[in-house]
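# A structural walkthrough
Chain residues, written in single-letter form:
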Amino acid sequence: MILEPMTYQTFLAKGILGHIVFPADRDPNSLVWLVALAFLIAAAAGYFLGSLNFGVILSKTFFHDDVRLHGSGNAGMTNMLRNYGVKAALFTLLGDALKAVVSVYIGFALFGRLTACVAGLLCMLGHIFPIYYKFRGGKGAVTAIVMILFLNPLVGAILLLIFAIIVIGTRYVSLGSIMSAALYPLILNRISILQGYTPNIIEVVCSFLVAFLIVFMHRSNIKRLLAGTENKLSIGKKKKTKEDSSEADSIQNKENEQEK
């Protein structure tokens, strides 16, 4: 058995493990157990990395507080921005993006695009339901878009453009996230046709799961958008004192509890 030279395209398509154990002349069904093990490793790595929620880590480390006790009650970048300012939000974005990159590349290293989808999706689930923080995390938008960008850069770029246009036009981050996620399966399908590429079934299923999870996690935002009470993006807003913010946080937390 002679292995063909490995290129970056081979890495993305088959992964390192796939390139070694599944050369062109070997029946893929001969090592089904190894494929199953690779999927389990990708899922576990993605979930446990995703559970490292940087909103919680940074708020507790540098502000001796828990961002989930304020504002929307989630540990994502937007809530960090509203409560602790731009710098905290940027570091949260960087950390959450980095864990998604590492997760997806672990997936690519196993069996290429197939396991990369699984690792990225489970990273998103870990971010939303982190095992380290009582399963209360963020809403998964950052981890989702990073996963999409690495799986299909053109699709990711289009979704980012849609997100930016909506946020700039309305100043509603939640609306941008909801609309971009909802359009993900459709745009993946259209762009794949233009590229002459057929997404595998796992990638298609993941696209619908990503869309569902993002919309589901923004269900309280949808209610506030319909009621006209959703908070608009305010760049550079610093966290209020506990006395000033307690009433607003109490109201918001009551709304969050009603959603659970």
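So, here is what we can say about the structure in this document.

Cut-off values and rules
- Residues numbered from 1 in each chain as written.
- Predicted model: local features only at pLDDT ≥ 70, side-chain atom pairs only at ≥ 80, totals over all residues.
- Heavy atoms only, no water.
- Helix = DSSP H or I, 4+ residues; strand = E, 2+ residues; numbered from the N terminus.
- Contact = heavy atoms within 4.5 Å.
- Areas by Shrake-Rupley, 256 points an atom, 1.4 Å probe, with all protein chains shown as cover.
- Buried < 20%, exposed > 50% of the residue type's maximum accessible area, 1.4 Å probe, protein only.
- Patch = residues over 30% accessible without salt bridge, like charges linked within 9 Å, V, L, I, M, F, W, Y side chains within 5 Å.
- Salt bridge = Lys/Arg side-chain N within 4 Å of Asp/Glu carboxyl O.
- Phe/Tyr/Trp six-rings, centres within 6.5 Å; stacked < 30°, edge-to-face > 60°.
- Lys NZ or Arg CZ within 6 Å of the ring centre and 35° of its normal.

### Some thoughts on the overall build of the protein
On a plain count of helices and strands, the protein comes out with twelve helices and zero strands. Moving toward the C terminus, one meets the helices and strands of the protein in the order α-α-α-α-α-α-α-α-α-α-α-α. If you take every contact in the protein between residues at least 6 apart in sequence, the share linking residues at least 24 apart comes to 67%. When the accessible surface of the protein is totalled, it reaches about 13200 Å², and 71% of it is carbon and sulfur.

### Looking at unusual backbone geometry
With a phi close to 60 degrees, Phe-135 is a non-glycine residue in the positive phi region. Following the sequence through the fold, Phe-135 ends up in the loop between α6 (113-128) and α7 (141-151). We note that Arg-171 has phi near 65 degrees; this positive angle belongs to a residue other than glycine. Within the element layout of this structure, Arg-171 appears in the loop between α8 (153-170) and α9 (173-195). For Arg-171, a relative accessible area of 43% translates into the label partly exposed.

### Some thoughts on a nonpolar patch on the surface
Taken together, the side chains of Phe-48, Leu-52, Phe-129, Ile-131, Tyr-132 and Phe-135 present a nonpolar region at the surface, about 530 Å² in accessible area. Locating Phe-48 in the fold gives a position in helix α2 (residues 32-50). Residue Phe-48 is classed as partly exposed on the basis of its relative accessible area of 40%.

### A short note on the packing of aromatic side chains
Under the defined criterion, the tally for this structure stands at six aromatic pairs. Seen from their ring centres, Phe-63 and Tyr-84 are 4.3 Å apart, and the 25 degrees between their planes marks the pair as stacked. Note that Phe-63 is positioned in helix α3 (residues 54-63) and Tyr-84 in helix α4 (residues 77-84), a separation of 21 residues in sequence. Under the relative-accessibility criterion, Phe-63 is labelled partly exposed at 36%. In this structure Tyr-84 comes out as buried when scored by relative accessible area, which is 6%. With centroids separated by 5.8 Å and ring planes inclined at 20 degrees, the aromatic side chains of Phe-212 and Phe-216 adopt a geometry described as stacked. Note that Phe-212 and Phe-216 are positioned in helix α10 (residues 201-217) at a spacing of four residues, about one turn of the helix. You can call Phe-216 partly exposed: its relative accessible area is 37%. Sitting over the face of the ring of Phe-216, Arg-219 holds its NZ or CZ atom 4.2 Å from the ring centroid.

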